[in-house]
Amino acid sequence: MFKLTPARACALAACAVAPVAGAQTGYISGNEFNPAISLILDGRYTEYNDAMELPGFQAGPEAELPEKGFSLGHSELTLSANVDDRFYGSASLALHEHEGATEVELEEAYLETLGLGGGASVRFGRFLSWIGYLNQQHEHSWSFYDAPLVYQAMFGKTLYDDGLQLRWLAPTDLYLELGAELTRGDAFPGGENDGNEGKALFVKLGGDLGRNQSWQLGASAYRTAFHERSGESHAHGHGEEEEHHAELVMEDGEVDILGVDAVWKWAPTGNARQQQLVLQAEYLQRDESANAVFSEEDNSIVSAYDGEHDGYYVQALYRFHPRWRTGVRYGSVEADNRFRVLESNGIDLEEFLEETELGSNEPIERRSVMLEYNHSEFSRLRLQYNHRDWGENRDDLWVLQYNMSLGSHGAHGF
Amino acid sequence: MRTLFLLLLTTLLPALAHGQVQVFACEPEWGALTNALAGDRAEVFVATTANQDPHHIEARPSLIAKMRRADLVVCTGAELEVGWLPLLIRRSGNPNVQTDQPGYFEAAMSVPRLNIPETLDRSHGDVHSAGNPHVHLDPHRLLSIARALAERLQQVDPPHQAHYQQRLDDFAQHWQRRIQHWEQQAQALSGLKVVVHHQDWLYLNHWLGLNQVATIEPRPGIPPSAADQKRLLRTLTDQPPDAILIAGYQNPQAARWLAERLQVPLVTLPYTVGGDSHSNGLSELFQRTLHLLLQTRKVAP
C-alpha cells in the first residue's frame, strides 16, 4: 500500500490547482529586499626572483610587484539587485594592500536597463569595458591568478571607466551583439582630459556547434586622448638602489587600441560540469603618440613619442574531473617606440631610454601553468607557475592561491 | 538591393514570419509539457538536454540569442537555474520574459515543495532556499504545473484561450488515467530501499513510497571523495539497499564502485524526457522509470 504523504494527500484532495507554495508569514521588516551580497576572499603565497615590470611600456597604475610570501590578493565585495522593474544595479568594491595600507577601489558601480526591448540595453555608471574577451570578467573568475601580459601592458590590468554603454542584440539565432561605450577616458592608458574622450566599439558573435561545442568571436576598438598621463616610473627597478626621484609624464597624447578575441569550448554531451576543454586567444594592438616629459631632480628631457605596441595570449584549460582543472597559457608583448628630442636639459636621449627602459624593443614572453582544485563551486585552490623571458633575462614566479566565494554568487557569463 | 534586404530580413527575423508563441524551455520536461499544452501554437526551444546537469549550464551566446526572441520562459525555478537563467534574461533585454512578466514561468513555484531548509548554510552543500526543485517526477505535481502553465499560455496568447483550455482538458484526462495505471503497477515498489547520487529523486520517492537510505554526494552538489565513498560503503554493508539510482548526466563512477561492492543493481534512470531512447515523451518517461525500477524487484533475491 501507499503511504499517504502530504503530496499524495494533496493530489487526492481537490488542491490540484496548486496554491502558490509556502505562504510567507507577513512580518513587516526592512531587510527583506537586501541586495545579493557576494564576497570573494583571495589570498596567496608568492615566490619569485628578479623584477616583473614590462620594459618598453609606460607602466600602468597597478603594475607593482606582488608581495613575496603570504599576502592577501583581491578581496572583492559585490552587491547587486534589481532596483525596480526597469533597472538593475551592481557595485563591486575591491580591497587590496598598497604600501602597508588597505586601499578600496570601486571597480564597478553601474545601473543597467531591464527588458528595454528591441534587443537594446543601456548601462551607465562605472563599469568594466566590454572590449576584448577577458576585460569584462571580474578578477575572481579569471582562469589564472594574473591578467595576461598583454592586458597588463595595454590597460595596466583591466580597463574600467565612468560613462555610458549601449548594446544591441540582434534578433537572430546566431548570437550577434554590437556595442558602443562613451567614457571619461582617463583610466589608463588614458589620462586627464577635457572630458569623455574614451570611445569604444565592440562586436561579438557566437553560437553552438552541435551539442558539445560552443564558440564566440569578438572584435573591438578603443580610442582616447589625454592632456597628461603619469605612470609609475621604472627608475627604481633593476638592480641599483637609486634613491633619487624620477618621473615620466606623457602629455597631449592619443591612444588607439584594436583587438580581436576568440573562445571555443568543448564538453562531452555539453555537460561542462564533468569535463570541459576551453581554448581562448586574444590579440591587441596599440598605437599611441604623446610628448614624453622625463624629469630627474633638476634635469629633464622632452621628446615626441610614438609607440606601436602589440601582444597576444593563447590559453587552454581542461577540466578533467568535477573538482580538478588545469591550464596552460602563453603570452607575448612587444613595443616599438620612437622618440624625437624636442628639449634636453641635462639628460640625453640615451640616458632617458636607459632609465625608463622605453627604448627596449625586445619581445617579452611568458609561459604559465596552473592546477586548480575546486572542492565545491564556491571554493578554489590554485597553484600557478610563470616563466618569463625577456632578452637575456629569466624570471620565475610561483603562486599558491585560494579564491573563495561567500554569500550569493551570481551567474558568470560565457 | 531590395531583394538583398528582403533576403536579409527573412533570414534574420524568422520569428516575425509566423505568429507562434516562442517558448524558451530550460529543461526537456518543460519543453515536452509546453508542446503537449500548446500543440502547434508554440515553437519550443529546449535549452538543455537530459545529459546536462541543469544546475551547471553556461550562459552561452546561443542561449542569449534564443532568450532575446522568447515570448515565454518555462523553467523549473526554485533556484535550480540560478547560475545561468538570471544572466540570460538580463542580457536578452527582452521585456516579455522579465521576472515580473506573464512570460516568466517557474514550474516548481506553482506546487508545494519538499525539503525547504530551515537554515541556509553553505556547509550543508548547494541547498536551495525554496526547497528541492526537482518536482517533475511526481505526476500529481506535474498535473498541477500543467494547469498553471496552461493558464500562463492563455495570458501570453489570449486569442487562443479556448485552444489551450481544450488541450489542457485532454491532457488532464489522459494524465489522470496514466497515473492510475502507474500507481497500480508501482505497488510492488513501495518500500524499495534506494541509494541515490543527488536529491533528484525526492518527489519520485515520495510518490512511489521508495525508501531513500543514503545519497552518494556527501552534501548536495559536492562530489564524493574516495573517503566519502568508503564511509558510505561501511554504513551500507550491513543493510544493503535494493538499488542505486543515478541520472544520465551524473558521473557514474562513484555509484558503479558502490554497486559492485554491495552487489546491488545500478539503475540509470532517464530523469527527464530524452534521458534514454525509451523516454521520448512525458508519459514514456514515467513508464520507462517504473519499468526500470520494477526490474530491480524481479532480479533482487
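These numbers come from a predicted model, not from an experiment. (Residues numbered from 1 in each chain as written. Chains lettered and ligands numbered in written order. Predicted model: local features only at pLDDT ≥ 70, side-chain atom pairs only at ≥ 80, totals over all residues. Heavy atoms only, no water.)

(A) Summary view of the sheet that holds strand β5 (residues 193-196) of chain B. Residue and element names in this part refer to chain B. Taken in spatial order, the 4 strands make up an open sheet running β6-β5-β7-β8, and their pairing is parallel. In this open sheet, the two strands that pair with only one neighbour each are β6 (211-215) and β8 (266-269). On average, each strand axis in the sheet is tilted by 35° relative to the strand beside it, whichever way the strands run. As paired strands, strand β7 (residues 243-247) and β8 are joined by 4 bridges and run parallel to one another. Paired with I244 across the bridge in β8 is L266. On the sheet, helix α9 (residues 253-262) packs against β5, β7 and β8 and is oriented at approximately 165° with respect to β7. (Pairing = 2+ DSSP bridges. Helix = DSSP H or I, 4+ residues; strand = E, 2+ residues; numbered from the N terminus. Axes fitted to C-alpha atoms, helices over the stretch in contact; angles between N-to-C directions. Contact = heavy atoms within 4.5 Å.)

(B) Looking closely at the interface of chain A and chain B. Listed per partner, the contact involves 64 residues of chain A and 59 residues of chain B. With both sides pooled, the region where chain A packs onto chain B buries about 5000 Å², and carbon together with sulfur makes up 53% of that total. Here chain A is connected to chain B by 5 salt bridges. Between D173(A) and R69(B) there is a salt bridge; the shortest N-O distance is 2.9 Å. Where chain A packs against chain B, one counts 20 residue pairs in polar contact (both at pLDDT 80 or more). Elements with a contribution of two residues or more to the side of chain A that touches chain B: α1 (6-12), β6 (120-128), β7 (160-169), β8 (175-183), β9 (198-209) and β10 (213-230) of chain A. (Buried area = accessible area lost by both parts, 1.4 Å probe. Salt bridge = Lys/Arg side-chain N within 4 Å of Asp/Glu carboxyl O. Polar contact = N/O pair within 3.5 Å; in protein donor to acceptor, adjacent residues only side chain to side chain.)

(C) Structural context of the sheet that holds strand β1 (residues 21-25) of chain B. All names here are of chain B. Spatially, the 4 strands line up as an open sheet ordered β2-β1-β3-β4, and their pairing is parallel. Both edges of this open sheet fall to β2 (42-46) and β4 (104-106), since each of them pairs with a single strand only. With direction set aside, neighbouring strand axes in the sheet form an average angle of 20°. By the bridge criterion, 3 bridges tie β1 to strand β3 (residues 72-75) in an arrangement that is parallel. Paired with F24 across the two strands is V73, which belongs to β3.

(D) Broad picture of the pattern of salt bridges. Tallied over the full model, the rule gives 31 salt bridges over all chains. A salt bridge links R60(B) to D208(A); its shortest N-O distance comes to 3.1 Å. Remark: D208(A) occurs in strand β9 and R60(B) occurs in the loop between β2 and α3 (61-68); the pair is interchain, linking two chains. Overall, D208(A) belongs to the partly exposed group, its relative accessible area being 30%. Each of E112(A), R123(A), R167(A), E177(A) and R91(B) takes part in salt bridges that share partners, so that together they form one network. (Buried < 20%, exposed > 50% of the residue type's maximum accessible area, 1.4 Å probe, protein only.)

(E) Highlighting the domain arrangement of chain B. All names here are of chain B. In terms of domains, chain B is made up of domain 1 (9-180) and domain 2 (187-299). Computed over C-alpha atoms, the centres of domain 1 and domain 2 are 26 Å apart. Each partner contributes residues to the interface: domain 1 has 32 residues there, and domain 2 has 25 residues. Between domain 1 and domain 2 the total buried area reaches about 2500 Å² when both faces are included, carbon and sulfur atoms providing 65% of it. Counting the surface domain 1 buries against domain 2, the share from its top three residues, A50, H134 and L137, is 27%. Linking domain 1 with domain 2 are 0 salt bridges, by the criterion used here. Joining domain 1 to domain 2, the criterion identifies 10 residue pairs in polar contact (both at pLDDT 80 or more). (Domains from an automatic or database assignment.)

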